[in-house]
Amino acid sequence: MIKVRRLTYTYPYTEFPVLKDIDLDINDGEFVLVEGRSGAGKSTLLYCLNGIIPHLYGGKLTGEINVNGLDPTVLTVSRVASTAGIVFQNPDLQIFMPTVREDIVFGCKNAGLPESTVSVRVHEALIRMGLVPFADKPADELSNGQKQRLAIAGVYALAPDIFLFDESTTDLDEKGKKEFLIILERLKSEGATVIISEHEPGYLEHLIDKKISLKDGVIFPGEVEILPAEMPRHPPVFSSGTAVRIKNVSFGYRRRQEIFTGLNLDFRKGEFTAVVGDNGSGKTTLFKLILGILRAGKGEIELEGAVRYTLDDICGKAGFLFQNPDEQLFAATVEDEIAFGPRQLGVQCDTEVYLEAYGMIQYRGVHPSQLSCGERQRVAFISILAMCPEIIILDEPTTGLDRANWVRLMDTAAALNSQGKTVIFSSHNMNVVEMYARRVIRLEAGRVVSDEIRA
Amino acid sequence: MKRGEWFQMKYEHKNTFIHCLSPEIKIAYSIAVSILIVILNSPRELFLLAAAVLLVLFLAGPGFGRIRLLFFAVAAVVLSTFASQAVFYSFEPKTAVFTLVPDDFPVVGRFTGGIYMYREGMIYGLVQSLRLIAALTMAVTVVISTHPAHMVEALVRLRFSRSFSFVITMSIRFLPFMFEQSKRIVLALRMRGIKTRSINGAFRMIRFIFIPLVVNSLRQAKIAAFAAETRGIALDKNSPDGRRKNSFFDFNTFELITISFFIILMYVSIVPFKMGLGRIPFFHTFFFSIPITCVLFIGIGLIPKPGIVFFMVCGHRLFIQIMLTGINPLWWPYALIEATSLELFFLLRGRFLDSYGAAFSAGVLRGSVVYLYFYLVSAPYIWHQFYAPWYIGIQTFWGAAGSAVGGMAGYRFGLLIRKTCARSGL
């Protein structure tokens, strides 16, 4: 049983509370969805329930929290972990030991459990999470979905009564999400209390007992409106000429392990194409080949008429945006960030135009790190657009963004497409693909298994 | 050796007799071989040692790629050591057996008095080559047959500090992750027009890469620390009832993971210099000192606590030994002296890095201590290598200058990173 009363929390070095006067009751065995837009306080609430806040974050917390009789504001995170375990977004950051089995043992040993109990717990965790075939495999060799299952197994082995999931499916592909759903169904059937925060919770509908909708740090009665009122539909653009031509390309990172064998694919100018497929199907590799970051072993790639080019040759003709905005921002202000690329190319750029056009004028002198994740991703995108590329490639650009933010980002891409720019993007979020793509290419292990044009 | 192949000298998952030995035995083996390398002096004894160490390597069943790599590394070591000692041998008596440049040759011959190959130099080169072959082969055997995490566990059993071992474990765990992140940032910079192939472009790249790399690492370190704490790790002192106590003179989990990320950054930062600028004769200590001191001082600026230098410097040394060069205690005093001198400097000042002057002084101290120790103690008494006083002076000067430049750059970057972190709520 979780009881929260008048919980108010303010992060260090900030003035305003992220959570305000939260009252909450969650019964044993309930499956609870915490929803809300980015910055609404979802993760903060979860962190309060297992002591990460205030112990590891600091800040000012007032109010009462009772988690199965424990007070996480007083006890250590390690102590509360055996009652309320948490799984985060990025599985790579939650795995600490070389093999699957050793990683599950890690938490049990830290908890000081006797050897006999550890072996029983580890065995059970391996079975429940479907990891028995990988037990002695190096954790690095697992897929993202399997890694996330391992992260859950590590928590499961501590036998907590409450499982907290903080956007744990963000990095997973469709297959990984299905596997994750099976685990959640199993936890619910075992009577565990599950509290999950998700940006795209549609797939959880049949499990949810209770919804907590957060808006600006307070529990909002009813559902928070996170869907745009109308699905934006953009007029199709008529193609003329070829933007990218891939002719009989073969490529592999290692000898005799080719990802692509004799791949043929054309992207016409002005197309809006989604490349979909599970992790490891070759989406990012395809983009890197198109951009000249990787060189095809056999065959030829032609981009805007150029062949045998390198990334430096096509810089400015093609723009590439990837998942994490923080790896793509370098300047001290938003305005400088937008001017950064054109300056390197020796091209004049009127930053004011871009700031106005994309609604960022109020942030011109702000350091990019002061913006929200969605805004940082937009700045990274605009910074690429400022280099006036004809081809825009977006690699999982919507990962980690809430619906409102990804709609804004993809609307920008759609608007550019309607001006004749070629847009190619990959996404695991099929809502994004459904809403925006005019052509959908599905890759499976480096093969094009379907290529459909949509009306 | 192709670019990047050096990184391939890593653990191979096999089931040989050597793989099955406990890491403690391998540590004992490393120490024994290291001591023998120092105390043996005759070519015959060293040959027997090198042959025995090679035999142990073959018992570990290295793959063809590793053998090929080792062969090229050994060939390079033997040729360069043999040739340099044969030509630059400085002890007496010495017998010239081959004339490379006669003494009456214009300019060079007259200036140097002729360049010859000496018999005693060749023998000394051979002895040195055998030492290096034994050290290299021992390192490869231990590295390919012991998983880094198991080596760290052994160090814990051997009473290494748990916090320190945790730092090394995390460095090993997050190395591939950090490599990928660095590659993505470089890619993002190239997409924005930074050319990597020019020297100017490379320097601009370094200027822009540090802040996103460190700030991102801090974000990741925070999540990893949360995950570690929720998996029950409690590296600070807790009372038995689980109530939190304020611990003094200690690092929390976030700081420890941050230190482990900085150890990786120290390692990653010197890789480009190992390949290029760090090989420029007479100036290599200057170029080599800049990046490593820069990262070290950023770390000190972010976690200004007693023990930070020790954790970063000794952690970095041990991390490299576990990952690449094999456990070799002969290099430990080098790291300990560097760490102790800087810790004492900050202790006596009563403050950590708070000005460019402090960064400059600490940099000069670091560079002087490190290179004087190497050339005056480590090289002659451990590695049996002797250098002329003028050469020691030049190298120490450049090392101190490089450390001072790196130190001030680290202080500057540290300020910018702290500002960025404060803005983004880290």
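Quantities reported herein were computed from a predicted structural model and do not represent experimental measurements.

Participant: I'm lost on the overall build of chain A in this one. Help?
Facilitator: Each helix and strand counted, chain A has 14 helices and 19 strands in total. Classification of the 455 residues of chain A by burial places 57% in the buried group. A separation of at least 24 residues holds for 68% of the contacts in chain A among residues at least 6 apart in sequence. Accessible surface computed for chain A: about 18200 Å², of which carbon and sulfur atoms make up 48%. If you average the places of the 49 positive and of the 61 negative side-chain charges in chain A, the two averages end up 4 Å apart.

Participant: Would you explain the overall build of chain B in this entry?
Facilitator: The number of helices and strands found in chain B is 15 helices and 2 strands. Across chain B, the fraction of contacts at a sequence separation of at least 24, relative to all contacts at a separation of at least 6, is 77%. As presented, chain B carries roughly 19000 Å² of accessible surface, and 70% of it is formed by carbon and sulfur atoms.

Participant: How do you make sense of the pattern of salt bridges when you look at a structure like this?
Facilitator: A side chain with one charge can pair with a side chain of the opposite charge if their charged atoms come near. Residue and element names in this part refer to chain A. Scanning the model with the defined rule gives 33 salt bridges over all chains in all. Linking Arg442 and Glu174 is a salt bridge whose minimum nitrogen-to-oxygen distance equals 3.6 Å. On the criterion of sequence distance, the pair formed by Arg442 in strand 18 (residues 439–444) and Glu174 in helix 7 (residues 174–189) is long-range, its members being 268 residues apart. The partly exposed category is assigned to Arg442, whose relative accessible area is 23%.

Participant: I tried to follow the nonpolar core on my own but got confused; where do I start?
Facilitator: Soluble, globular proteins show a tendency: their nonpolar side chains are buried together. Core analysis: the largest hydrophobic core is formed by 191 residues, its most contacted members being Ile195, Ile246 and Leu286 of chain A together with Ile257 of chain B. Residue-level mapping places this core at the junction of two domains, with at least three residues from each of domain 1 (5–146) and domain 2 (151–424) of chain B. When sequence neighbours within four positions are dropped, the list of residues in contact with Ile246 of chain A reads Leu263, Asn264, Leu265, Asp266, Phe267, Leu286, Ile290, Glu300 and Ile301 of chain A. Counting 39 residues, the second-largest nonpolar core is a separate cluster that includes Val100, Ile104, Ala139 and Val155 of chain A.

Participant: Is there a simple way to explain the sheet that holds strand 4 (residues 60–67) of chain A in this structure?
Facilitator: Across a sheet, paired strands are connected by hydrogen bonds in the backbone, their directions being either parallel or antiparallel. Residue and element names in this part refer to chain A. With antiparallel pairing, the 3 strands of this open sheet are ordered in space as 2-1-4. At either margin of the open sheet sits one strand with a lone partner, and together these are strand 2 (19–26) and strand 4. This sheet shows a mean twist of 15° between the axes of neighbouring strands, independent of strand direction.

Participant: Looking at this structure, how should I read the interface of chain B and chain A?
Facilitator: It is common to give the size of an interface as the accessible area lost on bringing the parts into contact. On the chain A side, the residues contacting the 50 residues of chain B number 61 residues. When chain B packs against chain A, close to 5300 Å² is buried across both sides, 61% of that on carbon and sulfur atoms. Its largest share of buried area at the contact with chain A, chain B owes to Met191, Arg192 and Arg231 of chain B, together 20% of the area lost on that side. If you look at where chain B meets chain A, you find 5 salt bridges. For the salt bridge of Asp103 of chain A with Arg231 of chain B, the shortest nitrogen-to-oxygen distance reads 3.4 Å. Taken together, chain B and chain A are joined by 10 residue pairs in polar contact (both at pLDDT 80 or more). Among the elements of the structure, helix 7 (148–157), helix 8 (162–191), helix 9 (199–230) and helix 15 (389–423) of chain B are those that each provide at least two residues to the side of chain B that touches chain A. If one sorts the elements of the side of chain B that touches chain A by residue count, helix 9 of chain B sits on top with 15 residues. Residue composition of the side of chain B that touches chain A, grouped by class: 20 nonpolar, 13 polar and 17 charged.

Participant: Looking at this structure, I do not really get helix 12 (residues 373–385) of chain A. What am I missing?
Facilitator: Each α-helix turn comprises 3.6 residues. Residues three or four places apart therefore point the same way. Residue and element names in this part refer to chain A. Between the first and last C-alpha of helix 12 there are 18 Å, a value that for 13 residues agrees with the 18 Å anticipated at 1.5 Å per step. Burial runs high along helix 12: 12 of the 13 residues are buried. What helix 12 keeps buried is the set Gly374, Glu375, Arg376, Gln377, Arg378, Val379, Ala380, Phe381, Ile382, Ser383, Ile384 and Leu385.

Participant: Just checking my understanding: could you explain the environment of Gly176 of chain A for this structure?
Facilitator: Residue and element names in this part refer to chain A. The residue Gly176 is located in helix 7 in this model. Overall, the relative accessible area of 5% leaves Gly176 in the buried class. Put simply, Gly176 and Asp312 are 136 residues apart on the chain and 35 Å apart in space, counted from C-alpha to C-alpha.

Participant: Looking at this structure, I do not really get the side chain of Ser165 of chain B. What am I missing?
Facilitator: Residues and elements named next belong to chain B. Mapped onto the secondary structure, Ser165 falls in helix 8. Residue class for Ser165 comes out buried when judged on its relative accessible area of 4%. Once you skip the residues sitting within four places of it in the chain, Ser165 turns out to touch Val152, Val156 and Phe160.

Participant: Would you mind going over the sheet that holds strand 14 (residues 306–307) of chain A with me for this structure?
Facilitator: Residue and element names in this part refer to chain A. Read from one edge of the open sheet, 4 strands run 11-10-13-14, paired in antiparallel fashion. At either margin of the open sheet sits one strand with a lone partner, and together these are strand 11 (260–268) and strand 14. In this structure, strand 10 (residues 242–251) lies alongside strand 11, joined through 6 bridges in antiparallel fashion. Residue pairing across strands places Thr242 opposite Arg268, the latter belonging to strand 11. Each of strand 10, strand 11 and strand 13 (298–303) touches helix 8 (residues 283–290); the most contacted strand, strand 11, lies at about 70° to it.

Participant: Would you explain helix 8 of chain A in this entry?
Facilitator: All names here are of chain A. Of all 8 residues in helix 8, 6 are buried, a share of seventy percent or more. Those residues of helix 8 not exposed but buried are Lys283, Thr285, Leu286, Phe287, Leu289 and Ile290. The first or second residue beyond helix 8 is Gly292, which carries a positive phi of 80°.

Participant: I'm lost on the state of the cysteines in this one. Help?
Facilitator: Here, disulfide denotes a covalent bond that connects the sulfur atoms of two cysteines. Residues and elements named next belong to chain A. According to the stated counting rule, one finds 0 disulfides over all chains in the structure shown. The structure places no disulfide on Cys388, whose sulfur is separated from the nearest cysteine sulfur, that of Cys349, by 7.2 Å. By relative accessible area, Cys388 is classed as partly exposed at 45%.

Participant: Would you take a moment to explain unusual backbone geometry for this structure?
Facilitator: Leaving glycine out, the prevailing phi sign among residues is negative, and the prevailing peptide bond configuration is trans. In this model, Ile53 of chain A is joined to Pro54 of chain A through a cis peptide bond whose omega is 15°. The topology assignment puts Pro54 of chain A in helix 2 (residues 52–55).

Participant: Looking at this structure, how should I read the pairing of strand 5 (residues 84–87) of chain A?
Facilitator: Looking down a regular strand, the side chains alternate between one sheet face and the other. Residues and elements named next belong to chain A. The side-chain alternation of strand 5 yields two buried faces, one formed by Ala84 and Ile86 and the other by Gly85 and Val87. Direction of pairing for strand 5 relative to strand 6 (residues 162–166): parallel, over a ladder of 4 bridges. Note on strand 6: the bridge partner recorded for Gly85 is Phe163.

Participant: Explain the domain arrangement of chain B here, please?
Facilitator: Residues and elements named next belong to chain B. In terms of domains, chain B is made up of domain 1 (5–146) and domain 2 (151–424). Each side of the interface is counted separately: domain 1 has 21 residues, and domain 2 has 26 residues. Where domain 1 abuts domain 2, roughly 2000 Å² becomes buried across the two surfaces, and 70% of that area is made up of carbon and sulfur atoms. Summed over the shared surface of domain 1 and domain 2, the number is 1 salt bridge. As a salt-bridge pair, Arg157 and Glu24 come within 2.5 Å of each other at their nearest N and O atoms. Where domain 1 packs against domain 2, one counts 1 residue pair in polar contact (both at pLDDT 80 or more).

Participant: Honestly, the confidence of the model for chain B in this entry has me stumped. Any pointers?
Facilitator: Residue and element names in this part refer to chain B. On average, residues of chain B carry a pLDDT of 82, and 89% of them reach 70 or more. Note on residues 236–249: pLDDT is under 50 here. Beyond four places in sequence and across chains, it has 24 contacts. Reported confidences for the modelled complex are a pTM of 0.79 and an ipTM of 0.82.

Participant: Looking at this structure, how should I read the side chain of Thr137 of chain B?
Facilitator: All names here are of chain B. Tracing the backbone through its elements, the reader meets Thr137 in helix 6 (residues 119–145). There is a polar contact of 2.6 Å between the side chain of Thr137 and the backbone oxygen of Ile133. If we skip the residues at most four places from it in the chain, Thr137 touches Val53, Leu54, Leu57 and Leu70.

Reading the values: the criteria
Residues numbered from 1 in each chain as written. Chains lettered and ligands numbered in written order. Predicted model: local features only at pLDDT ≥ 70, side-chain atom pairs only at ≥ 80, totals over all residues. Heavy atoms only, no water. Helix = DSSP H or I, 4+ residues; strand = E, 2+ residues; numbered from the N terminus. Buried < 20%, exposed > 50% of the residue type's maximum accessible area, 1.4 Å probe, protein only. Contact = heavy atoms within 4.5 Å. Areas by Shrake-Rupley, 256 points an atom, 1.4 Å probe, with all protein chains shown as cover. Lys, Arg positive; Asp, Glu negative; His and termini not counted. Charge placed at Lys NZ, Arg CZ, Asp CG, Glu CD. Salt bridge = Lys/Arg side-chain N within 4 Å of Asp/Glu carboxyl O. Core = buried A, V, L, I, M, F, W, Y, C linked by side-chain atoms within 4.5 Å. Domains from an automatic or database assignment. Pairing = 2+ DSSP bridges. Axes fitted to C-alpha atoms, helices over the stretch in contact; angles between N-to-C directions. Buried area = accessible area lost by both parts, 1.4 Å probe. Polar contact = N/O pair within 3.5 Å; in protein donor to acceptor, adjacent residues only side chain to side chain. Nonpolar A, V, L, I, M, F, W, Y, C, P; charged D, E, K, R; others polar. Expected span 1.5 Å × (residues − 1). Disulfide = S-S within 2.5 Å. pLDDT = per-residue confidence, 0-100.

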